[in-house]
Amino acid sequence: MDESNRAPRQSAPPHADEQWPTEHCRSCGTPIIWCVTERGKDMPVTAQPAADGNVLVREAGGTHPIAVVLPTARQFGLQGKLRRSHFADCPQAKRWRRR
């Protein structure tokens with residue numbers, strides 16, 4: 001991914017109100033949240049919660065939000081809060097995925 005064209009990221013909000021800073025995907029225009037995985041990798045997450053989502057976006061102490069991919073057994077009670085990786089939604093995902 002060409003980092004030079006990406007706008008600087010904003011910090012996650014200081015409170016857990018589910019309102020994360022968004023950008024628009026440069027390929028399809030969908031609002032996305034730039035997160036960091038628990039392993040420190042950048043991950044675009046579709047901003048709109050999804051019924052079939054498996055990604056929990058959580059606060060990271062004032063830094064970028066953390067994306068946690070949850071197995072089915074850990075998704076109970078989180079309906080309406082889970083999102084999808086934008087790589088699963090974007091029609092141009094292969095163009096941006098790192099190898």
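See the structure printed just above.
Residues numbered from 1 in each chain as written. Predicted model: local features only at pLDDT ≥ 70, side-chain atom pairs only at ≥ 80, totals over all residues. Heavy atoms only, no water.

### Regarding the pattern of salt bridges
Item 1. Tallied over the entire structure, the rule returns three salt bridges.
Item 2. One salt bridge in this structure joins Glu38 and Arg58, with 4.0 Å as the shortest N-O distance. With Glu38 in the loop between strand 2 (31–37) and strand 3 (42–46) and Arg58 in strand 4 (residues 55–58), this pair connects stretches of sequence that are 20 residues apart.
Item 3. The partner of Asp89 in a salt bridge is Arg84, with the nearest N and O atoms 2.6 Å apart.
Item 4. Sharing partners across several salt bridges, the network here consists of Asp52, Arg84 and Asp89. (Salt bridge = Lys/Arg side-chain N within 4 Å of Asp/Glu carboxyl O. Helix = DSSP H or I, 4+ residues; strand = E, 2+ residues; numbered from the N terminus.)

### Regarding the environment of His24
Item 1. The topology assignment puts His24 in strand 1 (residues 23–24).
Item 2. With 23 residues separating them in the primary sequence, His24 and Ala47 have C-alpha atoms 9.5 Å apart.
Item 3. Ignoring any residue separated from it by four or fewer positions in sequence, one finds His24 in contact with Gly29, Thr30, Pro31 and Ile32.
Item 4. Separated by 2.9 Å, the side chain of His24 and the backbone oxygen of Gly29 make a polar contact. (Contact = heavy atoms within 4.5 Å. Polar contact = N/O pair within 3.5 Å; in protein donor to acceptor, adjacent residues only side chain to side chain.)

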